[in-house]
Amino acid sequence: MKFRFTGHFAPADLASLANAVIGILAISISLKDPFMASRLILLSALIDGVDGIIARKFGGSEIGPHLDSLADIVSFGVAPIMIIYGIHAQTTSPIIDVSFNSFSIVSILVVSCIILFFSMSMIRLSLYMTQDVKHNHTIGSQTTLSAILICSAILTQNFNIIFLLILTLLLSYMMVSSIIYPDLLFRDALLLGIILSLTIIFPNVFGRAFPYALLILSLAYLVLSPSYYWRILSERI
């Protein structure tokens, strides 16, 4: 007896499954080791980029875009906020307490940011699937970019929970904004992939230079690409 997905699967779909599995692993260790969980999420982001390359070279399947979005929800919608929860839980008593004695203002903010970030990730990915998937741009910042920014900030080990909450709120807005973000040129995507890889493998060398480099590059894309990057693309055309 054949599996139902036989004949509906493409090589790129294996990358999407790997993305989701690594996201689950990141979630499972987020409360104990948020730094390793952050590295796993960055690995998911790297595989997410490889997924697109494989799909363009070998072709995709009809379920591929849906599988990719579901994987992104796990790795870039749930896992980053579980890491933020883990960082907060390591410095305070658990947020979820039936007596509610452990709730503080910061705890309420953490829960609120978790709910907001996850909700905006879901909405953003749904809009992408229905409106942006066939274009060379996307409206609103990518969930992958949001996860990279959060994880690279965490790996620098130089930002407290308040900064991470502010960043999470900003990214929640940016994901559902009407700002148009262009797809990266191959050379820039390759550079980002190299910095991602170095951050995953060597997060602590040279004074954590690679997490800082990844954070700066990602922030530059978030802030500058809607205006500056379009000029580069038009000049290339």
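This text goes with the structure placed above it.
Residues numbered from 1 in each chain as written. Predicted model: local features only at pLDDT ≥ 70, side-chain atom pairs only at ≥ 80, totals over all residues. Heavy atoms only, no water.

1. A few points about the packing of helix α5 (residues 143-156) against helix α6 (residues 161-175)
Here is step 1 of the chain: Running from N to C, α5 and α6 cross one another at 170°; their axes reach a closest spacing of 10 Å. Put simply, α5 runs roughly antiparallel to α6. Of α6, the residues touching α5 (which contributes T143, S146, L149, I150, A153 and I154) are F163, L164, L167, T168, L171 and M175.
Here is step 2 of the chain: Residue composition of the contact of α5 with α6, grouped by class: nine nonpolar, three polar and no charged. (Axes fitted to C-alpha atoms, helices over the stretch in contact; angles between N-to-C directions. Helix = DSSP H or I, 4+ residues; strand = E, 2+ residues; numbered from the N terminus. Parallel < 35°, antiparallel > 145°, perpendicular 65-115°, else oblique. Contact = heavy atoms within 4.5 Å. Nonpolar A, V, L, I, M, F, W, Y, C, P; charged D, E, K, R; others polar.)

2. Structural notes on α5
Here is step 1 of the chain: Here α5 contains 14 residues, and its C-alpha end-to-end distance of 20 Å stays within 8% of the 20 Å for a straight helix at 1.5 Å per residue.
Here is step 2 of the chain: With respect to burial, α5 is a largely interior element, 14 of its 14 residues being buried.
Here is step 3 of the chain: Where α5 ends, the next residue or the one after it, Q157, has phi of about 55°, a positive value. (Expected span 1.5 Å × (residues − 1). Buried < 20%, exposed > 50% of the residue type's maximum accessible area, 1.4 Å probe, protein only.)

3. Here's the deal with a nonpolar patch on the surface
Here is step 1 of the chain: Residues I53, F186, L190 and I194 make up a contiguous nonpolar surface patch of about 410 Å² in total accessible area.
Here is step 2 of the chain: By the secondary structure assignment, I53 is in helix α2 (residues 34-58). (Patch = residues over 30% accessible without salt bridge, like charges linked within 9 Å, V, L, I, M, F, W, Y side chains within 5 Å. Areas by Shrake-Rupley, 256 points an atom, 1.4 Å probe, with all protein chains shown as cover. Salt bridge = Lys/Arg side-chain N within 4 Å of Asp/Glu carboxyl O.)

4. Some words on the packing of aromatic side chains
Here is step 1 of the chain: Counted according to the given criterion, the structure contains three aromatic pairs.
Here is step 2 of the chain: Judged by centre distance (5.7 Å) and plane angle (40°), the rings of Y181 and Y221 are tilted. Pair noted here: Y181 is in strand β2 (residues 180-182) and Y221 is in helix α8 (residues 209-236), with a separation of 40 residues, a long-range link.
Here is step 3 of the chain: For Y221, a relative accessible area of 12% puts it in the buried group. (Phe/Tyr/Trp six-rings, centres within 6.5 Å; stacked < 30°, edge-to-face > 60°.)

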